[in-house]
Amino acid sequence: MPVKKERKAVFFDIDGTLINIMEGQTQIAPAVKEAIRALRAAGHCTFIASGRPYAYLDPELVQQDLFDGYVLMNGAVVLLGDKTIYKKMLPQATVEEIARLSEAHGVEYILEGPHSVYLKPEYKLTEAFYRSIDVDVTQFVRDYDLEKVPVAKMEFASEDPGGHGLFAKLLSWPGLAGLMDPYHKKNMELYAADVTKGSGILHALSYLGIPVSRSFAFGDGLNDIEMMQTVGTSLVMDNARPQLKALADHIVPSVDEDGVAAGIAEYLL
């Protein structure tokens, strides 16, 4: 009698892992797609694990046979197919106060909910940024009532590094956590302090009944640290930051060398 293979859950970061936005690569390489499909054909579960909200996902990530689910906005929302299995919204009063402070500091902000994102029509800096990375801004909700918008994460854009001092203030806000762009410091993201990609992964594993020991993750960025500390096996891209490489069980080739495909072939199939 053939031995039944135990199901695994595999989590993939997007930027710097599946694609290389910095080099203008916004589509997953054919070899990587083939490897992910092979995982699913073998009975394993595949997930996107990203700081992005659902509205930022390229159609190839949601309309093709690549992924079973999504750990989004750094773990604030977890989807399995079309079912929301976990969500953690920011307190409404906090969102409204941060929006007021942002406007006072001349900083643009975008509100990210479980399925939609909300952006003021006059925020051209933010709109231009998302257009530059092939996010479909026509899907953004431009006319909304702030008091009625469910928000799991906020992102900010400023012409001034540090957002005229606002970013540091927000990063020290009780109950919140976030990341500022380490290079030019003109962008930042903010979410609840008790959610990470790691916590989102644990919600997905619990729902599926898959033990942590059979979970794997591919990533490259600082917001992947908790993910790598959570899963059973961490697979870190060769283009990753040194802090993440220090947590790797295995280092795989870079995103430009189809490292995800190489890692799947060597360590998963």
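Whatever comes next refers back to the structure up there.
Residues numbered from 1 in each chain as written. Predicted model: local features only at pLDDT ≥ 70, side-chain atom pairs only at ≥ 80, totals over all residues. Heavy atoms only, no water.

Enquirer: Just checking my understanding: could you explain the sheet that holds strand β9 (residues 176-180) for this structure?
Expert: The strands that make up a sheet are held in pairs by hydrogen bonds between backbone atoms, and each pair lies either parallel or antiparallel. The strand order across the open sheet built from five strands is β7-β6-β8-β10-β9, with neighbouring strands paired in antiparallel fashion. Only two strands of the sheet have a single neighbouring strand rather than two, namely β7 (117-119) and β9. With strand direction ignored, the average angle separating the axes of adjacent strands in the sheet is 20°. Here strand β6 (residues 108-112) pairs with strand β8 (residues 153-157) via five bridges, running antiparallel. The residue bridging E108 from the neighbouring strand is A157, located in β8. (Pairing = 2+ DSSP bridges. Helix = DSSP H or I, 4+ residues; strand = E, 2+ residues; numbered from the N terminus. Axes fitted to C-alpha atoms, helices over the stretch in contact; angles between N-to-C directions.)

Enquirer: Help me understand the environment of A55 in this model?
Expert: You can see A55 is positioned in the loop between β2 (45-49) and α2 (59-62). A relative accessible area of 17% places A55 in the buried class. For the pair A55 and P114, spaced 59 residues apart in sequence, the C-alpha separation works out to 8.6 Å. With residues near it in sequence (within four places) discarded, A55 still touches H115, V117 and V135. (Buried < 20%, exposed > 50% of the residue type's maximum accessible area, 1.4 Å probe, protein only. Contact = heavy atoms within 4.5 Å.)

Enquirer: Honestly, empty space enclosed by the protein in this entry has me stumped. Any pointers?
Expert: If a probe the size of a water molecule is rolled over the atoms, the empty space left behind becomes visible. Using the criterion set out here, one finds one cavity of 30 Å³ or more in the structure. The computed volume of the largest cavity comes to approximately 100 Å³. Surrounding the largest cavity, 14 residues form its lining, I19, T26, R52, D58 and L61 being those nearest its centre. (1 Å grid on protein atoms, 1.4 Å probe; cavity = no way out; pocket = protein on both sides within 12 Å on 5 of 7 lines; lining within 4 Å. Points joined across faces, edges and corners; volume = space filled by probe spheres on them.)

Enquirer: I keep staring at helix α3 (residues 92-104) and nothing clicks. Help me out?
Expert: Three- or four-residue spacings in an α-helix give side chains the same orientation, since the helix completes a turn every 3.6 residues. With 13 residues, α3 should cover 18 Å at 1.5 Å per step; its first-to-last C-alpha distance of 19 Å lies within 8% of that length. Among all positions of α3, only T94, V95, I98, A99, L101 and S102 are buried. All buried residues of α3 lie within an arc of 165° about the axis, which places them on one face of the element. Residues of α3 that are exposed and point over 90 degrees away from its buried face: A93 and A104. Of the surrounding secondary structure, the elements contacted by the buried residues of α3 are β6, β8, α5 (166-171), β9 and β10 (187-192). Positive backbone phi, at 70°, marks G106, one or two positions downstream of α3. (Expected span 1.5 Å × (residues − 1). Arc of directions from axis to C-beta.)

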